[in-house]
Each structure stands twice: as C-alpha cells, then as structure tokens.
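What follows is each chain in one-letter form.
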Amino acid sequence: MSTEEMQSAFAAMGAVMRGERVPGGSLAGKAVRQPEPPKPGELKPTPQEIDGPYFRLGAPQRSNLLEPGDKPELILSGRVLNEMGKPIPRAVVNIWSSDAVGNYDMLGYKYTGYVFTDEEGRYEFTTIVPGCYYPRDAKHIHVKVQGVSSPLTTQLYVEGEPGNEDDAFYTTDLLVRCTVDEQGTKHGTFDFVLRQVTEKENVTPESLAARV
Ligand code: FE
C-alpha cells in the first residue's frame, strides 16, 4: 500500500467511525462497532476507536509511566462509570502511547501500564504528552478499559495540543479537558462510561453478583 493509499484508508476509517458515508463504502465492514445510544436517564457510552498496531500484552501495573529524565507533562485522571453514572470499582484501565517523538516501544514497556480503579471508580496516570506519527495528525493515548463489561478500546486526545481537529479519528467525546499548573504540567480529566453486561448476556451467578 502506498503512503497516499494508507493516508486515505486512515481518513476513510475515521469517517466510517463518525458515521459518515465513505465513497465506495469498502471499509464499512472494518468500522469499530459503537455501543448503542443511551436510553433516557443514561450517560452516553464512551465511543470505541481502533486498537492500532502497537498494543502489547504484559504491560506492568503502575500509574507512573515516566522514564528517567522525563518531566510529568500530563496527569490524567478520572473515573470509570456505568451507564447509570455509578462508579465501577476494580475496573482495569490500561493505557499505551508513543514516546515524545512518536515511536512506540515494541521491545519493552515504555509509556504503557495499567491500574485498577479504586472504590470510587477513580484512576490516575502520570505520563508525558506523546508525540505524533504518520499517518496520524493528533497526539493520542490508546486505552483499554474493562469493568464487568465488554472491554472498551478507545483513544484519548489532549486538550490544547495541535492537530486534534485534523485527525481522522478525533472527536470531542474523547477529548481530555486539561488545566495547566505553574510548572506547565497538564492536569487532564476523563470519565469513561461503560455499558455493563446485562442479565441477558451474563450467564453465571458470579458474574451477576459482580455487577455494581
Ligand atoms: Fe497510536
């Protein structure tokens, strides 16, 4: 595939995921299936996005992803909620991103790790603002979240970083709202909303009992 073809494929995939029609429609089957829209009184589920090619199993459990010499550029925190707004304790939040110049560590585990949410459904990571890499236009942090639910794979975008609006996958639903402190560290918050498993989908007494 040529670079032009790759770029147009990425753009088309983004369009498909935003629900736009793509000429030819050949990529429609590759779109990430979105959760059902919220029912009355429910929060909107966090949209799903692509996995990308760089997820690695085996990331360490840790909230501090800084490497020696890094400054804490982004403190990312928030909650994992169910569709009724109830916090989900002990949910897994796994993030991975490129380094500051857009490279992923495919040998070790730089800039990836997972945490469990606390009793109030809270998580927090200290990391860098990743770089950007072709063919993407936005700096992004990949995420997998699971809490008595199907796993949610998505991406987060950092408020105030260049290129967000130019990116094929960017949506304000996945924007991390940030404040910046005197040291220049961004403090970003993002709440994930997961649609939890239902009795219809769930067949064991243990999994029913685990529903929050
Ligand atoms: Fe990526």
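Up top is the structure these notes are about.
Treat the numbers as computed from the prediction; the structure is a model and nothing was measured.

Engineer: Explain the coordination of the iron ion residue by residue, including any values.
Structural biologist: For the iron ion, every protein donor is listed as Y104 (OH), Y133 (OH), H140 (NE2) and H142 (NE2), and the spread of their distances is 1.9 to 2.1 Å. One way to put it: the four donor atoms around the iron ion meet at angles of 93 to 150 degrees, and that makes the site irregular. Sequence positions of the donors to the iron ion reduce to the motif Y-x28-Y-x6-H-x1-H. On the basis of relative accessibility, which here comes to 14%, the residue Y133 falls in the buried class. Residue H142 is classed as buried on the basis of its relative accessible area, which comes to 2%.

Engineer: For unusual backbone geometry, give the residues involved together with the corresponding values.
Structural biologist: Following Y134, the chain continues into P135 via a peptide bond in cis, with omega recorded as 5 degrees. Tracing the sequence through the fold places P135 in the loop between β4 (122-127) and β5 (140-146). Of note in the backbone geometry, R90 takes a positive phi value of approximately 60 degrees without being a glycine. With respect to the element layout, R90 can be found in the loop between β1 (74-82) and β2 (92-96). Looking at R90, the relative accessible area reads 54%, which means it is exposed.

Calculation rules
- Residues numbered from 1 in each chain as written.
- Predicted model: local features only at pLDDT ≥ 70, side-chain atom pairs only at ≥ 80, totals over all residues.
- Heavy atoms only, no water.
- Donors = N, O, S within 2.8 Å, 3.2 Å for Na, K, Ca; no water.
- Tetrahedral: all angles 85-135°; square planar, octahedral: opposite > 155°, others 65-115°.
- Buried < 20%, exposed > 50% of the residue type's maximum accessible area, 1.4 Å probe, protein only.
- Helix = DSSP H or I, 4+ residues; strand = E, 2+ residues; numbered from the N terminus.

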